[in-house]
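One letter stands for each residue in the lines below.
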Amino acid sequence: MTRLRMALHKGEELRYLSHLDYAQAVARMIRRSGLSMAYSEGFNPHMKISFSSALALGITAEAEYVDMDVLADVTVEEVKTLLLPVAPKGLEPLDGVILPDKVKKMMAICNYAIYEVRGSLADSIKGQVVDWTKALQSFNEAQTIEYEKVTPKKTRIIDVKHFVKDAIEAKQEGDEVVLTMGIGIYHEGTIKPGEVWNLGRTQFGWPISDGYVIHRKAILVEGEDGFRYSPLDSCVF
Amino acid sequence: MVTLDTRWLQHVQKPARYTGGEWNSVVKDHSQVDVTMAIAFPDVYEVAMSHLGIKILYSLVNERVDAAAERVFAPWVDMEEEMRNRKIPLFSLETKTPVKEFDLLGFTLQYELSYSNILNMLDLAGIPFYAKDRDMSYPLILAGGPCVYNIEPIADFFDVASIGESEEWLPEFIDLYKAEKAKGFPGGKLAFLRKAAQIPGTYIPALYKDTYTEDGDFKAVEPLYPDVPKTIQKRIVEDVEHVFYPTKPVVPYLDIVHDRAVLELFRGCTRGCRFCQAGMLYRPVRERTPKRLVSIAKEVIANTGYNEISLMSLSSADYSKLPELVDLLMDEFKDKQVSVSLPSLRIDSFSIDIAKKVQQVRKSGLTFAPEAGSQRLRDVINKGVTEENLLAACTNAFKSGWHTVKLYFMMGLPTETDEDIAGIADLAYKVLDLHRDITGKRNGKVTVSVSFFVPKSHTPYQWYGQQGLEEIHRKQQYLKSLINNRNISYHYHDGATGYMEAVFARGDRRLAPVLVKAWEKGCKFDGWSEYFHLDTWLEAFKDCGVDPDYYARRPRDFDEALPWDHIDDVVCKPYLVREWQRALNEELTNDCRRLPCNGCDVCPALDTAIIDYKEGGRVDKITYGLT
């Protein structure tokens, strides 16, 4: 048996897939490839694959990572070669590593994501070049920011800066801006990039309009040393 | 090309319904093909994508290098609102091309209550409803599917209807369209339609005129030109073994209603249940060989990555080589984690043995359709199963570890009395008691699901006046009062949808303005109970001065002209009349598959025969039509 961690794209074509839809699309792609996979025992056998995150509907990702148990002895290149011809557009295999027998669940170790959130400038300042350092300053320099997080189950107050530790950066492209934000994903929760966008717009006066498009640039493992590693980096296994 | 902006699209429900790009979907450059066709299903993505006919025609057209087929389905109400606000016309999933720009727009007519969605889709596409208001700058609007056998209520909206199975018809039609398009459609739309009418199985509503008696009864639908056929005979594919089968179906990203590979075992059903329109329309029975089916199954599984394959037919347990097929499939897929499912079970022990084989671990529940609660009424409808059959099947099932049984019934059948209704409750209790006797446990579950019978054209019940809604509501409550056990759950629909379905199932062209009126008043997604509003429909009828009871509830005379008389499913009228009389006499008619011919006329009229591999293939026996 070979245990692999593959990086797969979640491109524009797959933007509107929920996590479960995406997982099913991956499973079906693997089945089409003819790779002989390990399945769970029981009434309803499931292909043994697991993901780095539950990527929400509406968000594309540079790479989503999947751990898979292949019954045969295979190399990453062989798996890529098998998957590529049966991958739908937007779900291309990118890279991978062979894993040791015992690894921690990716969901448990991936604790940092970098998002690019794109949207239009507020109507009132269209055509102007915004001083983004200044516009983002009060948010970036704040020690704590209270935010009322509303979920279908409950409403609670969280500290946004607990999750968004690094400064948000902006890159203006004509009348659009891309905000790059790093967000921590912890046991106690996280904050969605769209929530940060709206919070900035309504409470920090960011000159942006309310519609946005989200792309996840990276999902990473922040080690105790403070450095961030790719899930493919052997030091995270 | 339509563009969809993520900024708003991500906020509608399930945006993946509208974005295409699925595995096996086919994207072609329209400038490189001669004919483009949008294949439309008037319901939401998850329903539409579950339909086998769409899969067949989509792949069939896309096999051609000179044609492109794309899909278009009804947008859900939230998406429709966005589209209307943003002035986005109805578009295809593959290339996001406005539907109006296609050469052909083909709708499948599966269900009368989807008609309001057809108008809504045309409106969203910016296409005038009435065929007479459209020149060749608009796509030709095509119809196919079971409801074309009485397309009259919506005939005025369509240019062309394909009667019967379309796999051979559609390529012929596209060939003609391509040739005429190359010549620039000499003589315009009318000339083209008259040429198209010469293709067997083609009904062109505009080439016929409907007439009525002085009393306002339907008189006839007659051709306006001498070269147009008086009646249109259905097309069938005689050689189902070798006909095209879609082995690269589109694999949806969303969880659709039937999200699995589909294997069509055979067409037709000769059991002859008198209420069943499909049983009449799809005759004769034509099977595929197990060898061919296994080879199709292997290809579909390899091309899709599905882990389940469903054996589909009108009555799959009637497939003559079922045990052999199931063994072959289980053998083929045993190491590949592919399960086999059998959606329609016959009520007998044999079916349970097959079900045991295919559901080795997961005993999810069994569904049977006794259809009526008493033996008398089951004989009336020619269901041909007895209480003993049902109890024997359930005995086998309970001994084999099943605990849940679902029973389907109909209410409002001809000659039905309260005794027959009470029989439904009796049967449910008997099945539950049986479970306790066999297992010694009290965890058995029986679900009783009762629908409202809708008389359909081309069946022995086409003359029957549907029972009134009040009567049905009374019977529903009566049955409810008889079921007082927490292990029996009883489900029923309001019945109002069944009433509207009955109106359109046997309507004539005078219903077209009513449908338009109902749509104007907001009717759409009528098949979804949360969107069906009987009051709005009744208002539309009132505004148009049309009485819905005239169509649904009025018993018709045998010698009365029927609005669907010119659409010939080849089952002859004397056979239907005799079946009606036998129903009243509670007489059974045997299954003609292996017993003598009953004289429905399908085999001789089409010069064909039943294909049954237990009998060695083509069954040559004396067949005839009653006169």
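This one's a predicted model, so the numbers in the text were calculated from it and none came from an experiment.

1. Considering the pattern of salt bridges
Applying the stated criterion across every chain yields a total of 74 salt bridges over all chains. A salt bridge links lysine 178 of chain B to aspartate 66 of chain B; the shortest N-O distance between them is 2.8 Å. Taken together, the positions of lysine 178 of chain B in helix 6 (residues 169-182) and aspartate 66 of chain B in the loop between helix 3 (52-63) and strand 2 (67-73) put the pair 112 residues apart, joining distant regions of the chain. Accessibility expressed as a relative area gives 30% for lysine 178 of chain B, which makes it partly exposed. Connected through salt bridges with shared partners, the residues Arg118, Lys171, Glu173 and Glu176 of chain A together with Asp5 and Arg7 of chain B form a single ionic network.

2. Some points on unusual backbone geometry
All names here are of chain B. In this structure, the amide linkage connecting arginine 283 to the following residue, proline 284, adopts the cis form with an omega of -10 degrees. Position of proline 284 among the secondary structure elements: in the loop between helix 8 (277-281) and strand 12 (286-287). Notably, histidine 458 is not glycine yet its phi reads approximately 65 degrees, a positive angle.

3. Points about the sheet that holds strand 15 (residues 366-371) of chain B
Residues and elements named next belong to chain B. Read from one edge of the open sheet, four strands run 15-16-17-18, paired in parallel fashion. In the strand order of this sheet, the two ends are held by strand 15 and strand 18 (488-492), each with one partner. Sheet twist, expressed as the mean angle between neighbouring strand axes with direction ignored, is 20 degrees. As judged from the five bridges shared by strand 17 (residues 445-452) and strand 18, these two strands associate in the parallel manner.

4. Section: the packing of aromatic side chains
Residue and element names in this part refer to chain B. Per the counting criterion, the structure on display carries 34 aromatic pairs over all chains. Judged by centre distance (6.5 Å) and plane angle (40 degrees), the rings of tryptophan 537 and phenylalanine 541 are tilted. Taken as a pair, tryptophan 537 and phenylalanine 541 lie in helix 18 (residues 534-544) at a separation of four residues, close to a single helical turn. Members of the aromatic cluster, joined through ring pairs, are Trp169, Phe173, Tyr177, Phe185 and Phe192. Note that arginine 554 overlies the ring of tyrosine 550, its terminal NZ or CZ placed 4.2 Å from the centroid. Sitting above the plane of the phenylalanine 266 ring, arginine 593 keeps its charged end 5.5 Å from the centroid.

Procedures and definitions
- Residues numbered from 1 in each chain as written.
- Chains lettered and ligands numbered in written order.
- Predicted model: local features only at pLDDT ≥ 70, side-chain atom pairs only at ≥ 80, totals over all residues.
- Heavy atoms only, no water.
- Salt bridge = Lys/Arg side-chain N within 4 Å of Asp/Glu carboxyl O.
- Helix = DSSP H or I, 4+ residues; strand = E, 2+ residues; numbered from the N terminus.
- Buried < 20%, exposed > 50% of the residue type's maximum accessible area, 1.4 Å probe, protein only.
- Pairing = 2+ DSSP bridges.
- Axes fitted to C-alpha atoms, helices over the stretch in contact; angles between N-to-C directions.
- Phe/Tyr/Trp six-rings, centres within 6.5 Å; stacked < 30°, edge-to-face > 60°.
- Lys NZ or Arg CZ within 6 Å of the ring centre and 35° of its normal.

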